[in-house]
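A look at the structure
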Amino acid sequence: MSIVMAILAVIVMVLIDQVVKYWAVTMLASIGSIPLIPGVLQLTYVENRGAAFSILENQIWLFVVLALAILCGIAYVLRTNRIQAPLGKIALLIISAGAVGNVIDRVINHYVVDMIEVIFITFPVFNIADIYVCVGVALFAVYYLFIHKDTEETEKK
């Protein structure tokens with residue numbers, strides 16, 4: 001995957017996240033909640049000033065600095081080709097899109113717009129960027145556990 005394609009992919013993912021958040025701010029906020037699957041899933045507007053479960057509430061710049069440090073680390077790893085396998089690279093790009101999406105919210109709004117609520121369990125309301133981070137981390141775990149060692153052993157031969 002070329003650097004241009006990688007950057008475009010991240011931009012598209014961030015745009016999707018930001019469009020959904022814009023809709024949540026302009027439409028969902030005035031409605032409150034919209035049931036999608038009754039008793040299971042609904043859209044609920046929330047302004048999250050912390051992390052999951054509102055931990056470290058109002059620590060905006062801590063989250064921004066942490067996200068920027070992670071993004072710099074990801075950029076370094078990708079730029080220096082420390083990861084060869086496509087799954088590892090894709091996972092890091094997905095994590096990057098999630099980090100950028102939430103950093104935009106924190107810098108502009110001083111909170112993150114969340115809207116996806118799982119009703120049948122106690123779970124924080126989340127957004128598309130959060131999904132990107134979770135999926136990216138899961139994919140990276142799969143890469144690290146099942147592909148990383150194979151790639152290292154192949155390179156040593």
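Scroll up to find the structure.
Let me sum up the structure you'll find in this document. In this text, all values refer to a predicted model and were calculated from it rather than measured experimentally. (Residues numbered from 1 in each chain as written. Predicted model: local features only at pLDDT ≥ 70, side-chain atom pairs only at ≥ 80, totals over all residues. Heavy atoms only, no water.)

The first and last C-alpha atoms of helix 1 (residues 3-31) sit 41 Å apart over 29 residues, in line with the 42 Å expected at 1.5 Å per residue. Of all the bends in helix 1, the greatest measures close to 40° and is centred on Val 25. Ala 6, Val 10, Met 13, Val 14, Asp 17, Lys 21, Ala 24 and Leu 28 are the residues of helix 1 that are buried. One or two positions beyond helix 1, positive phi appears at Gly 32, with a value near 100°. (Helix = DSSP H or I, 4+ residues; strand = E, 2+ residues; numbered from the N terminus. Expected span 1.5 Å × (residues − 1). Bend = angle between axes of the 7 residues up to and from the residue. Buried < 20%, exposed > 50% of the residue type's maximum accessible area, 1.4 Å probe, protein only.)

Here we take up the sheet that holds strand 2 (residues 41-48). The strand order across the open sheet formed by three strands is 1-2-3, and the pairing between neighbours is antiparallel. In this open sheet, the two strands that pair with only one neighbour each are strand 1 (33-37) and strand 3 (112-118). Averaged over all adjacent pairs, the angle separating strand axes in this sheet is 35°, with direction ignored. Pairing of strand 2 with strand 3 involves six bridges; the strand directions are antiparallel. Pairing of Leu 41 across the sheet is with Val 118, part of strand 3. Contacts between helix 1 and the sheet are confined to strand 1, strand 2 and strand 3, with strand 3 contributing the most and set at about 70° to the helix. (Pairing = 2+ DSSP bridges. Axes fitted to C-alpha atoms, helices over the stretch in contact; angles between N-to-C directions. Contact = heavy atoms within 4.5 Å.)

Right, let's get into the side chain of Asn 48. Residue position: Asn 48 is located in strand 2. Within the structure, Asn 48 has its side chain in polar contact with the backbone nitrogen of Gly 50 (distance 2.8 Å). (Polar contact = N/O pair within 3.5 Å; in protein donor to acceptor, adjacent residues only side chain to side chain.)

Now for the side chain of Asp 105. For Asp 105, the position within the fold is in helix 3 (residues 86-109). Judged by relative accessible area, Asp 105 falls into the buried class, the value being 2%. Looking at Asp 105, its side chain comes within polar contact range of the side chain of Lys 21, at 3.1 Å. With near-sequence residues (within four places) excluded, Asp 105 lies in contact with Gln 18, Lys 21, His 110, Tyr 111, Val 112 and Val 113.

Applying the stated criterion across every chain yields a total of three salt bridges. The shortest N-O distance in the salt bridge between Asp 17 and Lys 21 comes to 2.9 Å. Taken together, the positions of Asp 17 and Lys 21, both in helix 1 and four residues apart, correspond to about one turn of that helix. As far as the burial class goes, Asp 17 and Lys 21 line up, both buried. (Salt bridge = Lys/Arg side-chain N within 4 Å of Asp/Glu carboxyl O.)

A grouping of Ile 3, Val 4, Met 5, Ile 7, Leu 8, Ile 11 and Leu 15 is seen on the molecular surface, where their side chains present a nonpolar patch of about 670 Å² in accessible area. Here Met 5 lies in helix 1. (Patch = residues over 30% accessible without salt bridge, like charges linked within 9 Å, V, L, I, M, F, W, Y side chains within 5 Å. Areas by Shrake-Rupley, 256 points an atom, 1.4 Å probe, with all protein chains shown as cover.)

Consecutive side chains of a regular strand alternate in pointing toward one face of the sheet and then the other. Pairing geometry for strand 1 and strand 2, over four bridges, is antiparallel. If you follow Pro 35 over to strand 2, its bridge partner there is Gln 42. Counted along the chain from strand 1 to the antiparallel partner strand 2, the turn is three residues long, and its residue Gly 39 has a positive phi close to 80°.

A few words on unusual backbone geometry. The residue Asn 81 is not glycine, and still its phi comes out positive at about 55°. Relative to the assigned elements, Asn 81 resides in the loop between helix 2 (60-79) and helix 3. Notably, His 110 is not glycine yet its phi reads approximately 70°, a positive angle. Inspection of the secondary structure puts His 110 in the loop between helix 3 and strand 3. Overall, His 110 belongs to the partly exposed group, its relative accessible area being 37%.

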